[in-house]
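Take a look at the letters that make up each chain.
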Amino acid sequence: MKVLPLVVLALFVGPAYSQEVRLGGPAPALATGKWMRGGLKGYTPGHITVVELWATWCHYCREAMPHLNELSKKLQGKVDFVGVDVLEAHYGDDPVTYPEKMVKDFLANDPLGKTLSYNICLDTPAKAFEKQWMPLAAQADYPTGGIPLTFVIDAQGRLAWIGHPYLDGEFERALQQMVAGTYDLNTFIASCEAKKVADQQTETLRRQKSARRAEDIAPILKPMTDAISARDYALAINEAHRLIEKDPTLDRDTLRSRLNAYRELLKTDGSKALELVQWEVNHTTDRTNATAQGRNLVEFAAIFAEAKDQSKDLYAFAIDLLENFNPMGTVLYGRFIHALAYAYANSGHRDKALAYAHAAAAAMRERKADPKMFDDLAKEFEEK
């Protein structure tokens, strides 16, 4: 649904944008961190400005960049494009040098980065764009913590559009209308408000439906929940299986309880847990398919893989299930590789555990994504 010093502009000290800046009102000041390519001193009088929030690890940001680059060339002299790297630094990394390093490497060495001709900068050291611009997305009913995130400031300096830079072509249509002088800002604001109301109504109905279902099935689930309360986890799992065989729709309703019951049962009776989990495998028609049902098997296997001091048969089960189920066709699915590495480590094959962790980290680097999770996993196995 994932960034050397040139010019440092003064930080903008002003209102809390998320509260005071509104669609249709004056846009926030264009105060940036270091410019990595090109540069602007602020909004150009009479020009439209596109502010695009992105990060080097963001796959969807990369997908949008060729189109943004094409538009920046096509509309040169009328529209200024600014790409602002946000959300780049991760826990444990230097918040200043890490984004600079990542963006510099992207622009100098990545085939896509080399092609970009529009202005590229970093977020400010105080993270003005992350903390003050991103919350504005809520006004357009757009995820406030997500990127890519695009803002368009019209020639009058108003915040005129917020949304995705590529999806459904809405951004380009709005931008072309602004250039032509036919854009209706009030209509866009009204459509955003209508969408928020509709989404709120949909969420309310979803919650009501969920609450009604929980109330309706509580008596049906009672044999399972009573067994859990009595800490008879083998019985709870058996009761869940019995219920699902009578009504397959209860698979989802009992999933969390089954996972927790297996986790508890493994503490006292690994053999019984291994016996019972075979039912889960037998009732998944295609365990290699990345469906919700298939992903559930990874969760069951992960519980077994990460359990301590179990039999070789139990770890062999987890390894077999995981080796034959690669949900995304790649080692990049974090839960999968984490579980498989632990299954090998706990069964005494630390070399294989390390190999999987290193392979996953390398694949993440190749995709310009953050490898930290897998690097930390490898470090854990190396230190044991």
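**Side note on the nonpolar core**
Counting 59 residues, the largest nonpolar core has L53, F151 and L175 as the members making the most contacts within it. With near-sequence residues (within four places) excluded, L175 lies in contact with I48, V50, L71, L75, V79, F81 and V152. Membership of the second largest hydrophobic core comes to 49 residues, among which are Y233, A301, Y344 and A378.

**Focus: the pattern of salt bridges**
Here the structure, examined in full by the defined rule, presents 15 salt bridges. For D141, the salt bridge is made with K195, and the minimal N-O distance between the two is 3.2 Å. With a gap of 54 residues between them, D141 in the loop between α5 (128-133) and β5 (149-153) and K195 in helix α7 (residues 185-229) connect regions that are remote in the sequence. Across the pair K272 and E275 runs a salt bridge whose closest N-O atoms are separated by 3.3 Å. Highlighted residues: K272 and E275, both in helix α10 (residues 270-282), separated by three residues, approximately one helical turn. Within this structure, D141, K195 and D199 form a network of salt bridges that share partners.

**Let's talk about the sheet that holds β5**
Pairing is mixed in the open sheet, where six strands are placed in the order β1-β4-β3-β2-β5-β6. Each edge of the open sheet is held by one strand with a lone partner, namely β1 (35-37) and β6 (159-163). Adjacent strand axes in the sheet meet at a mean angle of 25 degrees when their direction is disregarded. Bridge analysis of β5 against β6 gives four bridges, and the strand direction is antiparallel. Bridging from a neighbouring strand, T150 pairs with G163 of β6.

**A closer look at the pairing of strand β2 (residues 48-54)**
Most of β2 is tucked away: seven of the seven residues are buried. Here β2 shows two buried faces, one formed by I48, V50, E52 and W54 and the other by T49, V51 and L53. Note that β2 and strand β3 (residues 79-85) share seven bridges and pair parallel. Of the residues in β3, the one forming a bridge with V50 is F81. Where the polypeptide runs from β2 across helix α2 (residues 59-74) and back to β3, its parallel neighbour, the crossover connection is right-handed. The pairing of β2 with β5 spans five bridges and is antiparallel. Residue pairing for β5: T49 is matched across the bridge by I153.

**Some thoughts on helix α3 (residues 97-109)**
Taking 1.5 Å as the rise per residue, α3 with 13 residues should run 18 Å; its terminal C-alpha atoms sit 18 Å apart, in good agreement. For α3, the full list of buried residues reads Y98, P99, E100, M102, V103, F106 and L107. Where the residues of α3 are buried, they touch β1, β2, α2, β3, α4 (111-115) and β4 (119-122).

**Regarding helix α12 (residues 312-323)**
With twelve residues, α12 should cover 16 Å at 1.5 Å per step; its first-to-last C-alpha distance of 16 Å lies within 8% of that length. Along α12, the residues classified as buried are L314, Y315, F317, A318, I319, L321 and L322.

**Looking at the state of the cysteines**
Applying the stated rule across the entire model yields one disulfide. Between the sulfur atoms of C58 and its disulfide partner C61 the distance amounts to 2.5 Å. Sign of the S-S torsion, about 80 degrees for the bond between C58 and C61, identifies this disulfide as right-handed. Across the pair, C61 and C58 agree in class, each one buried.

**Some thoughts on the confidence of the model for the chain**
Scored by pLDDT, the chain has a mean of 85; 87% of the residues are at 70 or more. Below pLDDT 50 for its whole length, residues 1-18 participates in 54 contacts with residues either more than four positions away or in separate chains. In the model, residues 327-332 has pLDDT below 50 throughout and makes 16 contacts with residues more than four positions away in sequence or in other chains.

**Remarks on the environment of F151**
Within the secondary structure, F151 sits in strand β5. By relative accessible area, which is 0% here, F151 ends up buried. Remark: the alpha-carbon pair of F151 and V82, spanning 69 residues in sequence, is separated by 9.9 Å. Excluding residues within four positions of it along the chain, F151 makes contact with T49, V50, V51, L53, W133, M134, L136, L159, W161 and I162.

**Here's the deal with the side chain of T32**
Summarising the element assignment, T32 is placed in the loop between α1 (17-20) and β1. Classification of T32 as buried rests on a relative accessible area of 1%. Among the polar contacts listed, one links the side chain of T32 to the side chain of W35, at a separation of 3.5 Å.

**Observations concerning the packing of α2 against helix α6 (residues 170-180)**
Close contact between α2 and α6 brings their axes to 12 Å; oriented N to C, the two are set at 10 degrees. Taken together, the axes of α2 and α6 lie roughly parallel to each other. Residues H67, L68, L71 and K74 of α2 form the contact with α6, whose own contacting residues are F171, E172, L175 and Q176. Per-class residue counts for the contact of α2 with α6 are four nonpolar, two polar and two charged.

**A few points about the packing of aromatic side chains**
Going through the model one piece at a time under the given rule, you end up with twelve aromatic pairs. Judged by centre distance (6.3 Å) and plane angle (45 degrees), the rings of F81 and Y118 are tilted. Of this pair, F81 sits in strand β3 while Y118 sits in the loop between α4 and β4, and the two are 37 residues apart along the sequence. For Y118, a relative accessible area of 5% gives the class buried.

The rules behind these values
Each chain carries its own residue numbering, running from 1 in the written order of its sequence. The predicted nature of this model means local features are confined to residues of pLDDT at least 70 and side-chain atom pairs, given and counted, to a pLDDT of 80 or more, with totals for whole chains, interfaces and linings taken over all residues. Just so you know, side-chain values use all the structure's heavy atoms and leave hydrogens and water out. As used in this record, nonpolar core signifies buried Ala, Val, Leu, Ile, Met, Phe, Trp, Tyr and Cys residues forming a set joined through side-chain atoms within 4.5 Å. Three exposure classes are used, based on accessible area relative to the maximum for each residue type with a 1.4 Å probe and protein chains only: buried under 20%, partly exposed in between, and exposed over 50%. Only heavy atoms matter for contacts: two residues are in contact if any of them lie within 4.5 Å across the pair. The rule for a salt bridge is simple: a side-chain nitrogen of Lys or Arg has to be within 4 Å of a carboxyl oxygen of Asp or Glu. Under the scheme used here, helices are H or I runs from DSSP no shorter than 4 residues and strands are E runs no shorter than 2 residues, and both carry numbers assigned from the N terminus. Only strands joined by at least two bridges in the DSSP assignment are considered to pair. A fitted line through C-alpha atoms represents every axis, and for helices the fit uses only the stretch in contact; the resulting angles, taken between N-to-C directions, go from 0 to 180 degrees. By convention, orient the strands away from the viewer: a clockwise path from the first strand over the helix to the second makes the crossover right-handed. The span one expects for a helix is its residue count, reduced by one, times 1.5 Å. Cysteine sulfur atoms that come within 2.5 Å of each other are treated as a disulfide pair. A residue's pLDDT is the predictor's confidence in that residue, given on a scale from 0 to 100. Pairs of N or O atoms within 3.5 Å make up the polar contacts considered here, provided that, within protein, one atom can donate a hydrogen while the other can accept it, and that residues adjacent in sequence are counted only when both atoms are side-chain atoms. Just so you know how the angles are binned, under 35 degrees is roughly parallel, over 145 roughly antiparallel, 65 to 115 roughly perpendicular, and the rest oblique. Under the scheme applied, nonpolar residues are Ala, Val, Leu, Ile, Met, Phe, Trp, Tyr, Cys and Pro; charged residues are Asp, Glu, Lys and Arg; polar residues are all the others, including Gly. Between rings of Phe, Tyr and Trp, where Trp is taken as its six-membered ring, a pair exists when centres lie within 6.5 Å; planes separated by under 30 degrees are stacked, by over 60 edge-to-face, and by other angles tilted.

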